[in-house]
Amino acid sequence: MKLRLITVGQKMPSWIQTGVDEYYKRIQPMLSTEIIELPAAKRSKNPSEANLAQYREQEGQAILQAHHAASREQLWVLDVKGKSLSTERLASKLAQSMQLGDDIALVIGGADGVSPEVLAAADFKWSLSELTLPHPLVRVVLMEQLYRAMSINHNHPYHRGN
């Protein structure tokens, strides 16, 4: 199984990149992971709701182009209205995808969310938290949780929940 993290936004602060790089390195032996950074739509200073919809649509088209829909790649989208998972449930969901032989494209949308087209194409909508988190920080939290879930699946002592 391969996991491709498709993110909108580039040029992360160094402390974010350090955290992402650390968990990226740790997870590789357990889960082949690729990070794809897509540019965010250029935004105006005071965007209208119509502008925000245009940004989501532009970014959504790029996300859907990056997704390998023709292959056995599930599309998981982070969405505030998505399903909440415990770390153990995430581990189980990843293990299930591995058993099916499916790859996963996991999407972190732009600052204004994801387009309705991306949400409609999603095989799974996942909410990391009810909290509002900065998009750069989501990258670190997501990579850590993926590493923790894979540690559970590989009986690695990193996860000591319960």
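Below is a short write-up of the structure. The structure presented is a predicted model; accordingly, all values stated were derived computationally and were not measured.

Reading the values: the criteria
Residues numbered from 1 in each chain as written. Predicted model: local features only at pLDDT ≥ 70, side-chain atom pairs only at ≥ 80, totals over all residues. Heavy atoms only, no water. Helix = DSSP H or I, 4+ residues; strand = E, 2+ residues; numbered from the N terminus. Rg over C-alpha atoms; globule rule 2.2 N^0.38 Å. Contact = heavy atoms within 4.5 Å. Lys, Arg positive; Asp, Glu negative; His and termini not counted. Charge placed at Lys NZ, Arg CZ, Asp CG, Glu CD. Core = buried A, V, L, I, M, F, W, Y, C linked by side-chain atoms within 4.5 Å. Buried < 20%, exposed > 50% of the residue type's maximum accessible area, 1.4 Å probe, protein only. Pairing = 2+ DSSP bridges. 1 Å grid on protein atoms, 1.4 Å probe; cavity = no way out; pocket = protein on both sides within 12 Å on 5 of 7 lines; lining within 4 Å. Points joined across faces, edges and corners; volume = space filled by probe spheres on them. Axes fitted to C-alpha atoms, helices over the stretch in contact; angles between N-to-C directions. Phe/Tyr/Trp six-rings, centres within 6.5 Å; stacked < 30°, edge-to-face > 60°. Lys NZ or Arg CZ within 6 Å of the ring centre and 35° of its normal. Expected span 1.5 Å × (residues − 1).

**Some points on the overall build of the protein**
Stage number 1. What the protein contains, in helices and strands, is five helices and five strands.
Stage number 2. At 16 Å, the protein has a C-alpha radius of gyration in line with the 15 Å of a compact globule built from 162 residues.
Stage number 3. Overall size of the protein, expressed as C-alpha extent along the three principal axes, is 50 × 35 × 25 Å.
Stage number 4. For the protein, restricting intrachain contacts to residue pairs at least 6 apart in sequence, the fraction spanning at least 24 positions comes to 83%.
Stage number 5. Seen as two clouds, the 18 positive and the 17 negative side-chain charges of the protein have centres 3 Å apart.

**Overview of the nonpolar core**
Stage number 1. By size, the foremost hydrophobic cluster in this structure holds 29 residues, and its most contacted members are W76, L94, L106, W126, L142 and L146.
Stage number 2. Secondary-structure elements contributing two or more residues to this core are β1 (2–8), α1 (14–27), β3 (73–84), α3 (87–100), β4 (103–108), β5 (124–127) and α5 (135–153).
Stage number 3. Excluding residues that lie within four positions of it along the chain, W126 makes contacts with W76, V77, L78, D79, G82, K83, L85, L90, L106 and L142.
Stage number 4. Counting 13 residues, the second largest nonpolar core, distinct from the first, contains I36, L38, A66 and L75.

**A short note on the pairing of β1**
Stage number 1. Summarising burial for β1: six of the seven residues are buried, a large majority.
Stage number 2. Bridge count for β1 against strand β2 (residues 32–38) is seven bridges, and the pairing is parallel. Across the sheet, the residue bridging to L3 is T33, located in β2.
Stage number 3. Summarising the sheet, β1 and β4 pair through five bridges and their orientation is parallel. Residue pairing for β4: I6 is matched across the bridge by V107.

**What about the layout of surface pockets?**
Stage number 1. The calculated volume of the largest pocket comes to roughly 510 Å³.
Stage number 2. Forming the boundary of the largest pocket are 22 residues, of which L78, D79, V80, G113 and H135 lie nearest the centre.
Stage number 3. For the lining of the largest pocket, the secondary-structure elements that each account for two or more residues are β3, β5 and α5.

**Structural notes on the sheet that holds β5**
Neighbouring strands of a sheet are bound in pairs by backbone hydrogen bonds; such pairs are parallel or else antiparallel.
Stage number 1. Pairing within the open sheet is parallel, and its five strands lie in the order β2-β1-β4-β3-β5. Each edge of the sheet is formed by a strand with only one pairing partner; in this case those strands are β2 and β5. The average angle at which neighbouring strand axes cross in this sheet is 30 degrees, direction not considered.

**Some remarks on the packing of aromatic side chains**
Stage number 1. A full pass over the atoms with the stated rule returns two aromatic pairs.
Stage number 2. Considering the side-chain rings of Y23 and Y147, the 6.0 Å spacing of their centres and the 45 degrees angle between planes classify their relative orientation as tilted. With Y23 in helix α1 and Y147 in helix α5, this residue pair connects regions lying 124 residues apart in the sequence.
Stage number 3. Their ring planes at 70 degrees and their centres at 5.4 Å tell us that W76 and F124 sit as a pair that is edge-to-face. Of this pair, W76 sits in strand β3 while F124 sits in strand β5, placing them 48 residues apart in sequence.
Stage number 4. The ring of F124 has K93 lying over it, and the distance from NZ or CZ to the ring centre is 4.2 Å.

**What to know about α5**
Stage number 1. End to end, α5 covers 27 Å across 19 residues, agreeing with the expected 27 Å (1.5 Å per residue, within 8%).
Stage number 2. Positive phi appears at N155, one or two residues downstream of α5, with a value of about 55 degrees.

Fair warning: the whole summary comes from geometry, so function is off the table for now.
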